[in-house]
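Listed below, chain by chain, are the residues.
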Amino acid sequence: MIRFFWSALLALTVGAAGAASFEESEELVVGEKQVVIDTSGGSLVIEVFPEEAPRHVQAFLRRIRENFYVGTTFHLVVPYGIIQGGDPISKDPGRRAEYGTGGLEELAREASRVSHTRGTVSTVVAPGQPDSGGSQFFICVTDQVQLDGQFTAFARVVDGLDHLEQISLIQADEHGRALQRVEITQTYERDRPPPEVAPFADTSVEELAQYRAVIRTNLGEIELSFFPDLAPMHVRQFLRFAQLGLYDGTDFHRVVPGFVIQGGSLGQRQPPVPDDLRKYVRPLEAEFSERPHQAGSLSMARGTEEDSAIDSFFIVLADAPFLDGKYTMFGKVERGLEVVDGIAQVPLRGETPIVPVHIEAITVREP
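Keep in mind that what you see is a predicted model, and the values were worked out from it rather than measured. Residue numbers here run from 1 along each chain, matching the order of that chain's written sequence. Reporting in this predicted model follows two pLDDT cut-offs: at least 70 for local features of residues, and 80 or more for side-chain atom pairs to be given and counted; totals over whole chains, interfaces and linings ignore these cut-offs and use all residues. Excluding hydrogens and water, the side-chain values take into account all heavy atoms of the structure.

The strands that make up a sheet pair up through hydrogen bonds in the backbone, lying either parallel or antiparallel. We call two strands paired when DSSP finds no fewer than two bridges between them. Secondary structure elements follow DSSP: runs of H or I of four or more residues count as helices, runs of E of two or more count as strands, with numbering from the N terminus. Pairing is antiparallel in the open sheet, where nine strands are placed in the order β11-β19-β9-β10-β16-β14-β15-β13-β12. The open sheet has two free edges, formed respectively by β11 (250-251) and β12 (254-256), since each of these has just one partner strand. In the sheet, β12 pairs with strand β13 (residues 260-263) via three bridges, with the strands oriented antiparallel. Looking across to β13, one finds that Val256 is bridged to Val260. Throughout, a residue-residue contact means that at least one pair of heavy atoms, one from each residue, lies within 4.5 Å. Every axis corresponds to a line fitted to the C-alpha atoms, with the helix fit spanning only the stretch in contact, and the corresponding angles, defined between N-to-C directions, vary from 0 to 180 degrees. In the packing of helix α5 (residues 232-243) onto the sheet, the strands contacted are β9 (212-217), β10 (220-226), β14 (297-300), β15 (313-316), β16 (328-335) and β19 (358-365), and the crossing angle to β19 comes to about 110°. Where helix α6 (residues 337-344) meets the sheet, it contacts β9, β10, β12, β13, β15 and β16, and its direction lies at approximately 120° from that of β10.

Next up, the structure:
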């Protein structure tokens, strides 16, 4: 659920006292750094956007380096909406009624082009005063793009998004003030780690051809081999999802006797795909070939667009030449055709198995 929270975000800043102006002459030093905010509710890793909001980033980094935020609490929460913190008054548990009124009147608005999507860090301002930003900030727990252009977005949480959700769900009073303290215990900068190399991104076609994958279902095992010479990117993505465990917890959700069994849809995965792995879930360009779709062929499902395949795959039950050149076939069943046939015979409601056929895990076997 996404809630619109404009009034909640601004209400607690009414009557805010002015603060000393931020010294714009300070040198902006960002480098290849990330900001870490440790809290009693988990750690948040943040990357800043100095090219979009240089003065806000400069002020934020100064406070991080001076431990300004240590002891403050996330004082306002909107379930699955935002969390808000950074008020120096919130260091004092006895002044709870004043939370949200401190640390303003330092920064004029900057025209940031950063959208208020999940994880975005943005400044808090007083009602009707766009140039009243300061130490207070809010973090979007879910997309809140209706706020674009109204607040200065200057950073984004890149790790710890699950902690944001949990903090947002803390019980609050009628004004949105959190009834439980989630304090910032430590802040510091660290070197940005080198970009992760996606699994199988650099594996050669020759090596990919030697891999096998075993689908373990509640009805038995299916072993697959692959055709990276025909569809290298599809093979890489399938093996990547399998090795990362993304297919674990999905189902063979579609069965058409005499045609296909289909599974692996991440949209139906329970639990959902972890936040840190969502970056790997991307559409693939079609890699059609002349190899025929025969019984046991492994192919990738897609939407109406040719380049829309992502995750869901299907195994062909009988020769299906009408699929040739329209779907990307990237492997075949090496062992377990009797399991495939067993899945094809389960009782159905339409094309959906009445009793779920679970993909418990897909294990990648190295050459």
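Here the narrative resumes.
Right, let's talk about the pattern of salt bridges for a bit. What makes a salt bridge here is a side-chain nitrogen of Lys or Arg within 4 Å of a carboxyl oxygen of Asp or Glu, nothing more. With the rule as written, the count across this model stands at 18 salt bridges. Taking the shortest distance from any N to any O, the salt bridge between Arg181 and Glu183 comes out at 2.9 Å. Note on classification: 1.4 Å probe, protein chains only; a residue is buried when its accessible area is under 20% of the maximum for its type, exposed when over 50%, partly exposed between these limits. Assessed through its relative accessible area of 26%, Arg181 is described here as partly exposed. Residues participating in the shared-partner salt-bridge network are Glu221, Glu223, Arg335 and Arg365.

Okay, the packing of aromatic side chains next. Between 30 and 60 degrees the pair is tilted, below 30 it is stacked and above 60 it is edge-to-face, where a pair is any two Phe, Tyr or Trp rings, Trp via its six-membered ring, whose centres lie within 6.5 Å. Taken as a whole and assessed by the stated rule, the structure comprises 18 aromatic pairs. Each ring, one from Phe238 and one from Tyr247, has its centre 5.2 Å from the other, and the planes form 40°; the classification is tilted. Each member of the pair, Phe238 as well as Tyr247, is classed as buried. Judged by centre distance (5.9 Å) and plane angle (90°), the ring pair of Phe252 and Phe313 falls under edge-to-face. Highlighted residues: Phe252 in the loop between β11 and β12 and Phe313 in strand β15, separated in sequence by 61 residues. By the ring-pair criterion, three or more aromatic residues cluster together here, those being Phe226, Phe238, Phe241, Tyr247, Phe252, Phe313 and Phe330. Either the NZ atom of lysine or the CZ atom of arginine qualifies as a charge over a ring when it sits within 6 Å of the ring centre and within 35 degrees of the ring normal. Sitting over the face of the ring of Phe68, Arg63 holds its NZ or CZ atom 5.7 Å from the ring centroid. For the cation-ring pair, Arg291 lies above Phe227, with the distance from its terminal atom to the ring centre recorded as 3.9 Å.

Now for the environment of Arg118. Relative to the helices and strands, Arg118 resides in the loop between β4 (82-85) and β5 (120-123). Its relative accessible area of 16% is what places Arg118 among the buried residues. Each C-alpha atom, one on Arg118 and one on Ile82, is 9.3 Å from the other, the two residues being 36 residues apart in sequence. Each residue touching Arg118, except ones within four places of it in the same chain, is listed here: Cys140, Val141, Thr142, Asp143, Arg156, Leu161, Glu165, Asp275 and Arg278.

Now for the side chain of Thr217. Within the element layout of this structure, Thr217 appears in strand β9. In this structure the side chain of Thr217 is engaged in a polar contact, spanning 2.9 Å, whose partner is the backbone nitrogen of Leu219. A polar atom in the side chain of Thr217 sits 2.8 Å from the backbone oxygen of Gly220. Ignoring anything within four residues of it in the chain, the contact list for Thr217 reads Phe252, Val339, Val357, His358 and Glu360. N or O atoms within 3.5 Å of each other form a polar contact, as long as, within protein, one can give a hydrogen and the other can take it, and as long as residues adjacent in sequence are counted only when both atoms are side-chain atoms.

To continue, consider the sheet that holds strand β6 (residues 137-140). Strand order in the open sheet made by the eight strands is β3-β4-β6-β5-β7-β2-β1-β8, with antiparallel pairing throughout. The open sheet has two edge strands, β3 (76-78) and β8 (184-191), and neither has a second partner. Taking the axes of each pair of neighbouring strands and ignoring which way they run, one obtains an average angle of 25° across the sheet. As defined by bridge partners, β3 adjoins β4 across three bridges and the pair is classed as antiparallel. If you follow Leu76 over to β4, its bridge partner there is Gln84.

Those residues of helix α3 (residues 161-168) that sit buried are Leu161, Leu164, Ile167 and Ser168. Relative to the axis of α3, the buried residues are bounded by an arc of 115° and lie together on one face. By arc we mean the arc of the directions from the helix axis to the C-beta atoms, nothing more.

The next subject is α6. For an α-helix the count is 3.6 residues per turn, leaving residues at separations of three or four pointing the same way. Looking only at α6, the buried set comprises Val339, Val340, Ile343 and Ala344. One side of α6 holds all its buried residues, which, seen down the axis, span an arc of 145°. Close packing links the buried residues of α6 with β9, β10, β12, β13, β15 and β16.

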